[in-house]
Amino acid sequence: MAAEACTQGLDTGFIELGAAKVAALGVVQGITELLPISSTAHMRIVPALLGWRDPGSAFSAAMQMAALAAVISYFWGDVRGLAVGSIAAMQRRDFRDWRFRFTTWIMLATLPIVIFGVVLSKSLNACGSSFRSLWVIGASSIVMSLLLATAEKFCSHRRTLDNVSLKDAMIVGLAQVGALIPGVSRSGSTLTAALFLDLERDEAARFSFLLGLPAIFLAGVKEFYELFKAHLPAEGWMILGVGIGVASISAFFAIWGLMRILERFSSWPFVIYRFLIGVVLLVGVAQGWLQ
């Protein structure tokens, strides 16, 4: 029997979809979660076009664990280097070590989204939240496409990750708060901010992913705790596990594709795609063929 789409206030529509549909959405979620094109927008568009119900905000939040696995796997060298280097620096009390300082900056830059995430959590994940309306997602997609286009057009893209500062990290960290608005995209907001700081395109993406690791981890853990507290049924955990497994694989290949595109070309393909997605959403709602 299908579970209720709302479990103690949490939007758990993914249970009604079943494992097969959630696996399909997991592929979409994994690809779009780490590309600067908004996974939330796609999680509304794809089900709507297929005649499926919205999988819900709890599904999108829990999928952070898939993104976490993909980012750590792809950037394992960076993650390991920062962790080992920071611990070694603390042991020898060398607090000027770049790896220690960079790790500290990442932690500090995570504070804004943690604070705003806690304050807005009930509104963001509530059943029928207006934040997930197609109007909001469509408008956000268009605004972010224009900001990314501005960064691509007018910034020099010459700096590397080796010469970023605490100020740079905090700017990208503040930009990450925008990801709480559906349609903005965490990857999109942080990549755009990093490009505005004149970082090389692939270095901007690398900075975006590394800085986002704590936020991705905390968001995933928080959502798992909320689902556990809401007594998500065994069927729900099984379906969610299928989605996370599939999404982890597709997310890894999404990172690989993004890095290749930014290394060899630019972010213009994402600018155009995001703008078109936003237009499709707004026109679809206005014409009534997207609900």
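Residues numbered from 1 in each chain as written. Predicted model: local features only at pLDDT ≥ 70, side-chain atom pairs only at ≥ 80, totals over all residues. Heavy atoms only, no water.

Asks: Sorry, what's going on with the side chain of arginine 274 here?
Replies: The topology assignment puts arginine 274 in helix 12 (residues 268-287). The side chain of arginine 274 sits in the buried core without any salt bridge; glutamate 33 is the nearest counter-charge, 11 Å away. Setting aside residues up to four positions removed in sequence, arginine 274 forms contacts with Pro36, Ile37, Ser38, Ser140, Ser141, Met144, Ser145, Gly183, Val184, Ser185 and Gly188. (Helix = DSSP H or I, 4+ residues; strand = E, 2+ residues; numbered from the N terminus. Buried < 20%, exposed > 50% of the residue type's maximum accessible area, 1.4 Å probe, protein only. Lys, Arg positive; Asp, Glu negative; His and termini not counted. Salt bridge = Lys/Arg side-chain N within 4 Å of Asp/Glu carboxyl O. Contact = heavy atoms within 4.5 Å.)

Asks: Hey, could you run me through the nonpolar core in this one?
Replies: Soluble globular proteins tend to bury their nonpolar side chains together. In this structure, Leu34, Phe75, Phe102, Phe207, Phe209, Leu210 and Ile255 are the most contacted members of the largest nonpolar core, which totals 43 residues. At 8 residues, the largest contribution of residues to this core is made by helix 10 (residues 201-229). Residues contacting leucine 210, with those up to four places away along its chain left out, are Phe75, Asp78, Val79, Leu82, Phe102, Ile106 and Leu161. By size, the runner-up hydrophobic cluster in this structure holds 17 residues, among which are Phe14, Phe59, Ala66 and Ala247. (Core = buried A, V, L, I, M, F, W, Y, C linked by side-chain atoms within 4.5 Å.)

Asks: What is the right way to look at helix 9 (residues 186-196) in this model?
Replies: Working note: α-helix, 3.6 residues per turn, so residues spaced by three or four point in the same direction. In terms of burial, helix 9 is largely enclosed, as 10 of its 11 residues are buried. Of the positions making up helix 9, those classed as buried are Arg186, Ser187, Gly188, Ser189, Thr190, Leu191, Thr192, Ala193, Ala194 and Leu195. Of the surrounding secondary structure, the elements contacted by the buried residues of helix 9 are helix 1 (14-34), helix 7 (134-154), helix 8 (166-176), helix 10, helix 11 (234-264) and helix 12. Structurally, the start of helix 9 carries an N-cap: the backbone nitrogen of serine 187 is 3.4 Å from a side-chain oxygen of serine 185. (Polar contact = N/O pair within 3.5 Å; in protein donor to acceptor, adjacent residues only side chain to side chain.)

Asks: I keep staring at the environment of alanine 151 and nothing clicks. Help me out?
Replies: Tracing the backbone shows alanine 151 in helix 7. A residue is classified by how much of its surface remains accessible, and alanine 151, at 0% relative accessible area, is buried. Taking the C-alpha atoms as reference points, alanine 151 and leucine 195, 44 residues apart in sequence, are found 5.8 Å from one another. In this view, alanine 151 contacts His157, Thr192, Leu195 and Phe196; residues no more than four positions away in its chain are not counted.

Asks: Would you explain the pattern of salt bridges in this entry?
Replies: Opposite charge on two side chains permits pairing when their charged atoms draw close. In the structure shown here, the tally under the stated rule is 10 salt bridges. One salt bridge in this structure joins arginine 92 and aspartate 94, with 3.5 Å as the shortest N-O distance. Among the ionic pairs, glutamate 263 bridges to arginine 260, the shortest N-O distance being 3.1 Å. Separated by 3 residues within a single helix, glutamate 263 and arginine 260 lie in helix 11, roughly one turn from each other. Taken together, the salt bridges that share partners define one network made up of Arg92, Asp94, Asp97 and Arg99.

Asks: Where do I start with the packing of helix 2 (residues 39-50) against helix 7 in this structure?
Replies: The description of two helices packed together rests on the angle between their axes and the distance between the axes. Contact geometry of helix 2 with helix 7 gives a least axis separation of 10 Å together with a crossing angle of 135 degrees. Judged by the angle between their axes, helix 2 and helix 7 are oblique. Both helix 2 and helix 7 take part in a crossing whose hand is left-handed. Between helix 2 and helix 7, the residues in contact are Thr40, Ala41 and Arg44 and Leu134, Ile137 and Ser141, respectively. Here the residues of the contact of helix 2 with helix 7 are counted per class, giving 3 nonpolar, 2 polar and 1 charged. (Axes fitted to C-alpha atoms, helices over the stretch in contact; angles between N-to-C directions. Parallel < 35°, antiparallel > 145°, perpendicular 65-115°, else oblique. Left-handed = near helix turned anticlockwise from the far one by under 90°. Nonpolar A, V, L, I, M, F, W, Y, C, P; charged D, E, K, R; others polar.)

Asks: Please explain helix 7 as it appears in this structure.
Replies: For helix 7, spanning 21 residues, the distance from its first C-alpha to its last is 30 Å, which sits close to the expected 30 Å at 1.5 Å a residue. Taken as a whole, helix 7 has its buried residues at Leu134, Ile137, Gly138, Ser140, Ser141, Ile142, Met144, Ser145, Leu148, Ala149, Ala151 and Glu152. Residues of helix 7 that are buried make contact with helix 2, helix 9, helix 10 and helix 12. (Expected span 1.5 Å × (residues − 1).)

So far we have only geometry, and geometry alone does not tell us how the molecule works.
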